[in-house]
Each structure stands twice: as structure tokens, then as C-alpha cells.
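A look at the structure
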Amino acid sequence: MSGQTNTTQGNQIARALAERRLIVVCGSGGVGKTTTSAALACAAAQQGRKVLVLTIDPARRLASALGLSELDNEPRKVSSSLFRAQGLVMKGKGELWAMMLDTKRTFDDVIRRYAPRPELAEQILGNLIYQQVSDALAGTQEYMAMEQLYELTRDDKYDLIVVDTPPTQHALDFLDAPERMMNVLDSGVVKLVWGGARKVGKSYLSWLRRSTKVVASLFERITGGELFGDMAEFFQAFDELYAGIRDRSNEVKQMLKSDQTLFFLVTSPAPSSMQESQYFLGKIAGYGVTLGGIIVNRVHRLTDGTVPVEGALPEAKLIIDCLVKTQDSMVKDLRLKTLIDELLAAWQSYAAMASHDQHQIERLTAGHSAQVMQVPYFDSDIHDLQGLNRLGGYLLTPKSYG
Ligand SMILES: Nc1ncnc2c1ncn2[C@@H]1O[C@H](COP(=O)(O)OP(=O)(O)O)[C@@H](O)[C@H]1O
Ligand SMILES: [Mg+2]
């Protein structure tokens, strides 16, 4: 990849941060999505935009650096004095807000907001089954991220919202969240229970008891009796919210596909992560959302571009050879000789990792027009504004490697 291409990419990401209203950061678990989302938001805020980053599972130190000490579903403003204290300048009206997604509380809010009658909302919220399944249903977290997004984008409080996505095995889960949520509610066991409840109403309970007598009595013994009654009541009550959920799902989908939104895929150079990214790239195209670029995070790199990767190893050897010759008497010292050998071996294995990473990146991007940005493996975790700013620097003005 040439430095020239990277520079163009830098401008493109800067443009996205300046112009878009919604940026979605996705990728498989552990690759750096949350950190990247925060870094992008931090960069846009410094450029003068009012930005909210919706994080899903920030590492504790990052969360506290952003002023998120508790999960309260409320956006919190990151104090501008914190930026100043870390030597960072915020242009114009720039503001950084951050929040953590609280799945359960968002679900409660959805029920309160969309239940056609307040009594129905209370009925669902107080239901034993709801309390048990509300954060355990497959896709709930992804779906609630969508719901939260829907609410946040409805008013114009923020110029830009950067959304981190849940740490799902397949990044695709997030895109399909509304459908998956609907499918869970409308299929399989749930449909049997729910559908049954719809069809036969109160007599359903006795029907269920008759037809699954053994299981029922076992369940009732375990749960203390009212499980099936609660279940039927829950799905019956939920039925009335169904249309609302479907409508909002469609609206969220439209928003994700609109030109206000840009997706970024974060990956690591590890083959497993690359493989998932490959799969995701195929799916993202099919889904019809716009990919702003691929961010390859935690890349082993040898130099900042002044020496090509393949040239770095011989060059290092040359330097060490020189050292060996000029410091001949010192090198006779066995300890120094051992040290130089170890240094060379470490250098060699790092060089192998660096060229492996470049090879992986080339494979991922071959035949793709997607923009690629590389972020090096930092020597420590990224847990403060300065660290985010450093990461953002690689995204906005990427250096060329190798
Ligand atoms: N380029 C990097 N160099 C070093 N550490 C990193 C880098 N990017 C992320 N990290 C660290 O990796 C860990 C996981 O990152 P995180 O953003 O929480 O991943 P994800 O949200 O994809 O699960 C965090 O401790 C973070 O500080
Ligand atoms: Mg995360």
C-alpha cells in the first residue's frame, strides 16, 4: 500500500467526521471497536462538532476516562478541562459526550414508550418472564443498541453520533438485530407459547398443562407454580407492541442505509479476525449500507515508512555488524555478544510478524476498493484522551508503513 493512497484515505475519514451524522463502528470481538469509536468521537469533537459516542462495553479505565462511572443510560459530557489538562485543544463549539448502553433499562424504556396503555407497560415490566428474559433473549443487546440509536437520532442534540457495536461473534448480528429480535419473538418455542396464548386465551394454560404435563409439573415445582401463566401473559402483552417494534426496525434500517451514515469495519491482522472481516465485507455490501473504510488495528510494524519492511531486517543486521566491528573488544565480552544475538532474534521474529500482518492486510484488501487504515500495536492499553488522540492521529493522517 502506498503512502499516497493512505493520505487520500486520511482526508476521507476526516471528511466523514466533519460531515456525517452517524458513524457505526463494527467488527468482531476484541479487535478495538470500543477504543476506535471513542477515538473517532474524540477527533470529531476536537474538530468542533458536538459528538456523542454510544459505547457498549468500554474497558473500565476507558469508561472512567470518559467520565462513565455507572451504567445509567444517560449521555455524560466529557469535561473540556479534561481535554485541556491533557494538552488537547477543542475547536469552536466542539463537545464530547459519552454513554454506555444499558440493555435492560433501554428495554424497559421501549416498553414504557410504546405500550398502547400504561397498565400494559406495568404488566409487562412486572412480569416474571420479562424480568428473566429481557436481557437474555438472543439479539437483545444488538436490538437495544438500535432502539437507543433511534431515540438519540430523533432529536438534533448532537451533530454526530458514533456507535460502537456489541461484541458479537459475527459482526453481522448487529445489522440483522431488528430482524433477529423479531424472529426470536415470532418463531420456534416462543411462537408456540405466544401463538397458543393468542389463539386460546385463558384456556391456553390448561391446554399447555395437559399437553406437556410432565414438563409442566417439573417446571412448576422448580419455579414455584406460575411459570406458564406468566409466560402466556408476557407474550400476549408483548403482542400489542409488535407492530411498533417492526415500524421502528424499518426506520432504523432506512437511517443506516441513508447517506447520513457511514460504517467502519475494525479488524486485527490475526487470520481469524481477517476471515470474519472478509465474510462481513461480503454481507455489508449485500445489506446496502456504505462502508467508509477498514481499520486494521494492532498492526505490528517495523518503521514509520522511512525504511520498507523488507529492507528493515538487512539494515538492522548491517547496523549490528558495524557495532560488532567497531566495538570489537567489548563484543569479546560474552554477555554483550549474547545480548546482541538475542536482540537480533527478537528483531527477526518481530519482522516476521510485521510481514505476516502486511500479507494479511493485502489479502483482505485484494479486489476491494475499501479504504484501509492501519493503526500500530501500541506499547500499552489506550485508556485516556491522550491515547485516543494518538489513535485518532493514525486515522486522520495515516503514516505509510512498509
Ligand atoms: N492499537 C492498540 N494497541 C494497543 N492496545 C490496544 C489497541 N487498540 C485497542 N487496544 C486495547 O485492547 C483492548 C480491547 O479493546 P476494545 O476497544 O475494548 O475492543 P472491542 O471493543 O473490539 O472488544 C483494550 O484494552 C484497548 O485499550
Ligand atoms: Mg467493545
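Before reading further, recall that the structure is shown in the block above.
Counting from 1, residues in each chain are numbered in the order their sequence is written. Chains and ligands are labelled sequentially in the order written, the chains with letters from A and the ligands with numbers from 1. Per-residue local features are limited, in this predicted model, to residues with pLDDT of at least 70; the limit for side-chain atom pairs, both in listing and counting, is 80 or more; totals at the level of whole chains, interfaces and linings are taken over all residues. By convention in this description, side-chain values take in all heavy atoms of the structure and omit both hydrogens and water.

Remarks on the overall build of the chain
Across its full length, the chain holds 20 helices and 8 strands. The buried label applies to any residue whose accessible area, calculated with a 1.4 Å probe on protein chains only, is under 20% of its type's maximum; exposed applies above 50%, and partly exposed to all values in between. In the chain, which comprises 402 residues, the proportion classed as buried is 49%. Restricting the contact set of the chain to residue pairs at least 6 apart, pairs at least 24 apart contribute 80%. Segments assigned H or I by DSSP are reported as helices when at least four residues long, segments assigned E as strands when at least two residues long, and all are numbered from the N terminus. Contact between two residues is taken to exist if any of their heavy atoms lie within 4.5 Å; hydrogens are not considered.

Looking at the coordination of the magnesium ion (ligand 2)
Looking at the magnesium ion (ligand 2), one finds its protein donor set to be Thr34 (OG1) and Asp57 (OD), positioned 2.1 to 2.2 Å from the metal centre. In this pair, Thr34 sits in helix H2 (residues 33-46) while Asp57 sits in the loop between strand E2 (50-55) and helix H3 (60-65), placing the two residues 23 residues apart along the sequence. According to the relative accessible area criterion, Thr34 is buried, its value standing at 11%. Given a relative accessible area of 37%, Asp57 falls into the partly exposed group. A donor here means an N, O or S atom no more than 2.8 Å from the metal, or no more than 3.2 Å when the metal is Na, K or Ca. Since water is not included, a site may seem to lack partners.

Some details on the nonpolar core
By nonpolar core is meant a set of buried Ala, Val, Leu, Ile, Met, Phe, Trp, Tyr and Cys residues that side-chain atoms within 4.5 Å join together. Counting 42 residues, the largest nonpolar core has Leu66, Leu96, Leu385 and Leu388 as its most contacted members. A per-element tally of this core places H2 first, with 8 residues. Setting aside anything within four residues of it in sequence, one finds Leu385 in contact with Cys42, Leu66, Val78, Leu82, Phe83, Gln86, Leu88 and Leu96. Counting residues in hydrophobic clusters, the runner-up holds 35 residues, among them Met99, Phe280, Ile284 and Val299.

Quick look at the packing of helix H8 (residues 140-154) against helix H15 (residues 242-257)
Look at H8 against H15: their axes get within 10 Å of each other, and the N-to-C directions meet at 75°. The orientation of H8 with respect to H15, classified from their angle, is roughly perpendicular. On the side of H8, the interface is formed by Tyr143, Met146, Glu147, Leu149, Tyr150 and Thr153, while H15 contributes Ile245, Arg248, Ser249, Glu251, Val252, Met255 and Leu256. Angular values range over 0 to 180 degrees, each being the angle between N-to-C directions of two axes fitted as lines to C-alpha atoms, with helices fitted over their stretch in contact. In these notes the angle categories are as follows: under 35 degrees is roughly parallel, over 145 is roughly antiparallel, 65 to 115 is roughly perpendicular, and the rest is oblique.

Concerning the site of ligand 1
Proximity is defined per residue: if any heavy atom of the residue lies within 4 Å of a molecule or strand, that residue is considered near it. Around ligand 1 lies a shell of 15 residues, among which Lys33, Thr34, Thr35, Asn297 and Arg298 are the nearest. Interatomic distance of 2.8 Å between a backbone N/O atom of Gly32 and an oxygen atom of ligand 1. A 1.4 Å probe and the Shrake-Rupley method give the accessible areas. Residues count as covered only by the protein chains that appear here. Here ligand 1 has 570 Å² of accessible area as a free molecule, and 88% of this is covered by the chains. According to the grid-proximity analysis, the pocket containing ligand 1 is the largest pocket. Elements with a minimum of two residues in the shell around ligand 1: H2, strand E7 (291-299) and strand E8 (372-376). With 3 residues, the single largest contributor to the shell around ligand 1 is H2. Counting of polar contacts relies on pairs of N or O atoms within 3.5 Å, with two restrictions inside protein: one atom must be capable of donating a hydrogen and the other of accepting it, and residues adjacent in sequence are counted only when both atoms are side-chain atoms. Cavity: a set of points on a 1 Å grid over the protein atoms alone where a 1.4 Å probe fits but cannot get out. Pocket: an open set with protein on both sides within 12 Å along at least five of seven lines, its lining residues, like those of a cavity, having an atom within 4 Å of a point. Whether a molecule lies in a cavity or pocket depends on its atoms, and more than half of them have to be within 2 Å of the grid points.

With respect to the layout of surface pockets
Space inside the largest pocket adds up to approximately 490 Å³. If you trace the largest pocket, you find 25 residues lining it, with Gly32, Thr35, Arg298, Asp381 and Ile382 closest to the centre. For the lining of the largest pocket, the elements supplying multiple residues, two or more each, are H2, H3, E7 and E8. With 3 residues, H2 is the single largest residue contributor to the lining of the largest pocket. The nonpolar class holds Ala, Val, Leu, Ile, Met, Phe, Trp, Tyr, Cys and Pro. Asp, Glu, Lys and Arg form the charged class, and all remaining residues, Gly among them, are polar. Its residues assigned to classes, the lining of the largest pocket shows 10 nonpolar, 10 polar and 5 charged. Grid points are joined across faces, edges and corners, and a volume is the space filled by probe spheres set on the points.

Considerations on unusual backbone geometry
Positive phi is not limited to glycine here, since Arg298 has a value of about 60°. Along the chain, the position of Arg298 falls in strand E7. Judged by its relative accessible area of 32%, Arg298 is partly exposed.

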